[in-house]
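Structure assessment
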Amino acid sequence: MLTESSAPAVVTAVQENVMVVRIDNPPVNALSQAVRAGLLAALEQAEQDPAVTAVLLVGQGKTFIAGADIREFGKPPQAPALPDVCNRIEASRKIVIAAIHGAALGGGLEVAMAAHYRLALPMAKFGLPEVNLGLLPGAGGTQRAPRLMGAAAAADLMLSGKHISAKAAQAAGLVDQLEQGEDPTAAGLAYAKALLAQGAAVRRTRDFTVASDATQKAAALAELDALAAATAKKTRGLFSPAKIIECVRAAIELPFDQGLALERSLFVECLSSPQREGLVHAFFAERETTKIPELQSAKPRALSRIAIIGGGTMGAGIAVAALDAGLPVVMVERDEASIQRGQANVEKVYDGLIAKGRLTPEAKAATMARYTPSTSYEAIADVDLVIEAVFEDLEVKKAVFVELDRVCKAGAVLATNTSYLDIDAIAAATKRPQDVIGLHFFSPANIMKLLEIVVPAKVSPDVVVTAFELAKRLKKVPVRAGVCDGFIGNRILAVYKQVADFLVEDGASPYEVDEAVRQFGYPMGPFQVTDLAGGDIGWATRKRRAATRDPQARYVEIADRICERGWFGQKTGRGWYLYPEGARVGQPDPEVLAIVDAERQKKGIKTRSFSADEIMRRYMAAMVNEGAKVVAEGIALRPLDVDVTFLYGYGFPRWRGGPMQWADMVGLDKLLADIEEFAKEDALFWQPAPLLKQLVAEGKNFSSLNRA
Ligand code: 3HC
Ligand code: NAI
């Protein structure tokens with residue numbers, strides 16, 4: 001080592017004529033201002049040092065560079081800008097090599113693509129995930145990626161936001177050399193030496209062409225158009241994908257500098273879009289939900305074997321999620337026929353994957369080897385965690401927990417997947433309430449990411465931490481919730497679902513409500529969701545609540561009239577919609593409209609029309625108002641926990657950030673004014689949340705509580 005100097009976050013050292021430039025900005029080497037300035041300084045230093053013949057870029061820690069510093073978005077830009085840093089790297093007169101051993105994402109891959117040569121180690125991964133943040137690669141990535149890997153492949157990387165392996169990156173043309181090992185400095189120095197020995201010259205990506213003649217251009221454009229058409233459905237409602245395609249088109253058609261200028265202007269447009277704000281909020285929110293108070297004092301319990309009680313819709317889905325995570329699973333059902341049905345439910349998932357060519361029969365057999373069916377509770381005596389998923393009936397569940405208390409080893413975590421029931425009451429059925437917790441999975445449980453971890457009064461903190469550990473193992477997004485009817489998600493759902501019913505009784509058709517909700521960005525409207533889940537589920541809940549319902553409260557009976565006919569949705573061929581011959585997309589049903597009309601007339605309602613805008617103002621006001629109550633009561637730790645619940649459990653459009661973030665962006669004063677206006681029609685239902693009033697009075701928004 002000849003010389004050593006350091007800049008904040010970037011450290012340089014000259015080793016055998018190669019300047020090693022180490023990016024050291026934990027936790028993920030994001031390209032903060034200090035890193036950008038450090039990289040520029042290092043390049044200047046290398047250029048001026050006659051002893052240096054090559055520059056090697058490496059990342060410290062597990063990551064190469066995870067991209068731009070997302071925390072800087074929305075703040076005033078600070079020089080040097082990342083595109084300028086990348087251009088400076090590319091312009092270097094001494095060869096620059098990037099040695100990549102971990103994630104090279106977004107701006108991180110753009111830095112690598114600006115280098116002249118790229119080496120990857122096996123754990124490296126590559127991606128341009130800016131689209132997930134409402135952006136496009138804005139440091140030359142839209143121009144350099146097509147030059148290295150072809151226009152369609154580059155556009156696919158940018159539109160999907162996917163990560164690819166080192167091997168795939170090499171096959172695609174992003175990586176020149178693949179080496180074994182974990183030390184990017186050693187591998188990079190060896191590669192630099194070999195390049196220098198061969199007399200390798202500076203090789204600038206900007207000098208490559210995507211298509212060099214008219215025929216190639218036409219072919220590249222046709223491929224790009226085909227890709228754009230194929231991804232249109234997935235990117236519906238998003239702002240940046242069309243801009244990405246525009247940039248890639250420029251990479252095919254225009255000189256490099258013009259392409260870069262277009263990229264710059266479209267990047268700035270994306271950066272100032274509300275979608276960027278919503279998506280960046282979602283990025284940080286879903287990481288924040290794991291930061292729970294119990295972590296300060298507790299460690300997770302051992303978790304190597306689990307049991308599931310009940311092999312119906314949920315039990316089987318949870319079993320698949322656990323088996324896929326490599327956990328051995330014991331399934332307990334009430335009798336031989338049920339346990340066979342439970343196993344068939346599990347196998348059906350794997351057989352579906354085999355039919356689609358996504359799983360081999362051997363892999364299924366290996367997974368099912370971890371699965372043990374039983375009709376006896378004795379089979380679960382030694383498991384670390386049990387998830388009960390039997391019928392939604394307090395007495396049935398209590399009886400199950402008495403059995404669990406009898407057979408399970410001391411210290412086993414006893415969880416219930418109840419959707420609404422009082423978990424304190426379930427815990428009280430055992431002599432060990434400190435071990436009882438709620439694990440509320442969503443259907444289908446092997447696919448849906450959300451896991452509400454419901455914390456009853458007497459549970460021990462290490463059980464809560466164990467539940468979060470389980471979520472991580474199952475690759476779920478956990479949200480901590482308190483005990484109440486419906487916890488975070490279903491409690492709020494019950495309120496805005498009522499608004500949907502009010503709207504229908506007052507004059508909107510269910511199809512107009514669904515359409516407005518879809519236009520807002522949801523994949524489905526509330527009546528379509530009811531038809532998918534089964535109208536009988538909500539009906540049972542309404543009947544259960546009938547005894548405690550406030551007689552003064554408005555109650556819409558239309559759904560009951562539909563359920564009384566046995567119209568439970570898709571599974572019965574009709575519900576709010578008609579599903580002729582097993583169709584999955586429903587058709588409006590004139591008979592449903594007749595039922596709606598009859599109910600309106602029965603109540604003497606004078607109907608009126610509702611615009612899509614008014615439908616959504618009412619729907620969202622109800623959602624956010626109840627969300628504010630849930631936060632104030634401590635059922636959700638912070639507004640962001642409500643947001644993540646809705647993003648991952650209820651199809652809320654991610655680019656809006658979640659209901660509470662949406663409310664902040666609309667303005668809480670506007671929302672409160674709407675609620676006060678609606679209260680003139682129904683003051684009992686539209687009671688503004690005290691927290692909402694308080695925030696408006698203080699001129700604050702929900703995000704001020706996220707930071708607390
Ligand atoms: N900027 C700022 N902070 C970041 C960050 C980034 N780019 N990437 C991750 N972080 C933070 C996370 O918020 C988290 O902080 P916390 O500990 O305080 O919660 C911490 O780093 C660790 O992140 P993860 O929990 O996600 O760690 P993992 O090991 O699970 O994953 C990762 C690592 C794969 C790098 C993942 O963090 C990731 O995907 N990061 C984002 C990558 C990305 O989107 N890059 C593109 C940025 S936009 C861009 O580059 C624009 C350019 O084109 C101009
Ligand atoms: P389901 O009716 O499909 O399955 C219940 C299973 O439990 C049946 O297979 C039944 O044989 C079994 N069972 C009943 N009593 C039993 C006992 N004493 N011992 C062992 N097994 C017994 O019901 P589903 O939909 O799977 O719901 C289960 C639980 O999950 C309920 O508490 C429900 O509220 C909750 N849930 C349901 C969701 C859904 O969308 N279906 C979503 C989230 C939670």
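Looking at an unreviewed UniProt entry, one finds the protein chain named 3-hydroxyacyl-CoA dehydrogenase and attributed to Lampropedia aestuarii. Looking at the protein chain in UniProt, the text filed under Catalytic activity (unreviewed entry) is "a (3S)-3-hydroxyacyl-CoA + NAD(+) = a 3-oxoacyl-CoA + NADH + H(+)".

What follows is about the overall build of the protein chain. Of the regular secondary structure elements, the protein chain holds 29 helices and 20 strands. Relative to a compact globule of 708 residues, whose C-alpha radius of gyration would be 27 Å, the protein chain shows 29 Å and is just as compact. Seen through its principal axes, the protein chain has C-alpha atoms that stretch 85 × 60 × 55 Å. A buried classification covers 54% of the 708 residues belonging to the protein chain. A separation of at least 24 residues holds for 73% of the contacts in the protein chain among residues at least 6 apart in sequence. For the protein chain, the centre of its 81 positive side-chain charges and the centre of its 84 negative side-chain charges are spaced 1 Å apart.

Spatial strand order, S13-S12-S11-S14-S15-S16-S17-S18: eight strands in an open sheet with mixed pairing. Every interior strand has two partners, whereas the edge strands, strand S13 (371-374) and strand S18 (477-482), have only one. Averaged over neighbouring strand pairs, the angle between their axes works out to 25 degrees when direction is ignored. Bridge count between strand S16 (residues 436-441) and strand S17 (residues 450-455): four bridges; the pairing is antiparallel. Bridging across to S17, His440 finds its partner in Glu452. Packed onto the sheet, helix H15 (residues 394-407) meets strand S11 (306-309), strand S14 (385-388), strand S15 (413-416) and S16 and runs at close to 170 degrees relative to S15.

What follows deals with the nonpolar core. Residues Ile380, Leu404 and Phe702 are the most contacted members of the largest nonpolar core, which totals 96 residues. It is helix H24 (residues 612-632) that contributes the most residues to this core, 11 residues altogether. Of the domains in this structure, domain 2 (295-485) and domain 3 (490-634 + 637-706) are the two that each give at least three residues to this core. Setting aside its immediate chain neighbours within four residues, Phe702 contacts Val624, Ala628, Pro639, Met660, Ala663, Asp664, Leu668, Leu691, Leu692 and Leu695.

Another aspect to go through is the domain arrangement of the protein chain. How big an interface is tends to be stated in terms of accessible area lost as the parts join. Taken domain by domain, the protein chain holds domain 1 (2-271), domain 2 (295-485) and domain 3 (490-634 + 637-706). The C-alpha-based centres of domain 1 and domain 3 are spaced at 45 Å.

Further remarks concern the UniProt feature "domain: 3-hydroxyacyl-CoA dehydrogenase NAD binding" (unreviewed entry) in the protein chain. The sites that carry the UniProt feature "domain: 3-hydroxyacyl-CoA dehydrogenase NAD binding" (unreviewed entry) are, in the present numbering, residues 306-481. Note that residues 306-481 is 41% helix and 21% strand, and that its end C-alpha atoms are spaced 22 Å apart.

A separate point is the environment of Pro590. Checked against the element boundaries, Pro590 lands in helix H23 (residues 590-603). Each C-alpha atom of the pair Pro590 and Asp69 lies 54 Å from the other, and the pair is 521 residues apart in sequence.

What follows concerns the UniProt feature "domain: 3-hydroxyacyl-CoA dehydrogenase C-terminal" (unreviewed entry) in the protein chain. Cross-referencing UniProt, the feature "domain: 3-hydroxyacyl-CoA dehydrogenase C-terminal" (unreviewed entry) maps to residues 486-579 and 616-700 in the present numbering. End C-alpha atoms of residues 486-579 are separated by 29 Å, and the span's content is 60% helix alongside 2% strand. A distance of 23 Å separates the end C-alpha atoms of residues 616-700, which is 66% helix and 0% strand.

Looking now at helix H17 (residues 461-473). The first and last C-alpha atoms of H17 sit 19 Å apart over 13 residues, in line with the 18 Å expected at 1.5 Å per residue. Of the residues making up H17, those classed as buried are Val463, Val464, Val465, Thr466, Ala467, Phe468, Leu470 and Ala471. Against S14, S15, S16, S17 and S18 lie the buried residues of H17. Phi turns positive one or two residues past the end of H17, at Lys475, with a value near 60 degrees.

Surrounding ligand 1, one finds 24 residues, the nearest of these being Gly107, Glu110, Glu130, Arg287 and Lys291. At 2.8 Å from an oxygen atom of ligand 1 is found a main-chain nitrogen or oxygen belonging to Ala68. Surface burial for ligand 1 is 76%, taken as the share of its 990 Å² of free accessible area covered by protein chains. Secondary-structure elements contributing two or more residues to the shell around ligand 1 are helix H3 (107-114) and helix H11 (274-288). The greatest single-element share of the shell around ligand 1, amounting to three residues, is contributed by H11. Partitioned by chemical class, the residues of the shell around ligand 1 number 14 nonpolar, four polar and six charged.

Turning to the sheet that holds strand S9 (residues 163-165), a few remarks are in order. Note on sheets: strands pair through backbone hydrogen bonds, and any given pair is parallel or antiparallel. On the basis of which strands lie adjacent, the open sheet formed by three strands has the order S6-S8-S9 and mixed pairing. A strand with exactly one partner marks an edge of an open sheet, and here the two such strands are strand S6 (103-105) and S9. On average, adjacent strands in this sheet sit at an angle of 20 degrees to one another, irrespective of strand direction. Across three bridges, the pairing between strand S8 (residues 125-127) and S9 is antiparallel. Residue pairing across strands places Lys125 opposite Ser165, the latter belonging to S9. In this fold H3 packs onto S6 and S8, with an angle of close to 90 degrees to the strand it touches most, S6.

Mapped onto the elements of the fold, Lys476 is located in the loop between H17 and S18. No salt bridge is formed by the buried Lys476, whose closest oppositely charged neighbour, Asp324, lies at an N-O distance of 8.4 Å. When sequence neighbours within four positions are dropped, the list of residues in contact with Lys476 reads Ala321, Phe441, Ala445, Asn446, Ile447, Met448, Lys449, Leu451 and Ala471.

Not every one of the 24 residues close to ligand 2 is listed here, only the nearest: Met314, Glu333, Glu392, Lys397 and Ser419. At a separation of 3.4 Å, an oxygen atom of ligand 2 approaches a polar backbone atom of Gly312. Alone, ligand 2 offers 830 Å² of accessible surface; in the complex the protein occludes 80% of this. Elements that contribute at least two residues to the shell around ligand 2 include exactly helix H12 (313-324), H15 and S16.

What counts, and at which threshold
- Residues numbered from 1 in each chain as written.
- Chains lettered and ligands numbered in written order.
- Predicted model: local features only at pLDDT ≥ 70, side-chain atom pairs only at ≥ 80, totals over all residues.
- Heavy atoms only, no water.
- UniProt positions renumbered as here; feature names shortened; annotations may be inferred.
- Helix = DSSP H or I, 4+ residues; strand = E, 2+ residues; numbered from the N terminus.
- Rg over C-alpha atoms; globule rule 2.2 N^0.38 Å.
- Buried < 20%, exposed > 50% of the residue type's maximum accessible area, 1.4 Å probe, protein only.
- Contact = heavy atoms within 4.5 Å.
- Lys, Arg positive; Asp, Glu negative; His and termini not counted.
- Charge placed at Lys NZ, Arg CZ, Asp CG, Glu CD.
- Pairing = 2+ DSSP bridges.
- Axes fitted to C-alpha atoms, helices over the stretch in contact; angles between N-to-C directions.
- Core = buried A, V, L, I, M, F, W, Y, C linked by side-chain atoms within 4.5 Å.
- Domains from an automatic or database assignment.
- Expected span 1.5 Å × (residues − 1).
- Near = heavy atom within 4 Å.
- Polar contact = N/O pair within 3.5 Å; in protein donor to acceptor, adjacent residues only side chain to side chain.
- Areas by Shrake-Rupley, 256 points an atom, 1.4 Å probe, with all protein chains shown as cover.
- Nonpolar A, V, L, I, M, F, W, Y, C, P; charged D, E, K, R; others polar.
- Salt bridge = Lys/Arg side-chain N within 4 Å of Asp/Glu carboxyl O.

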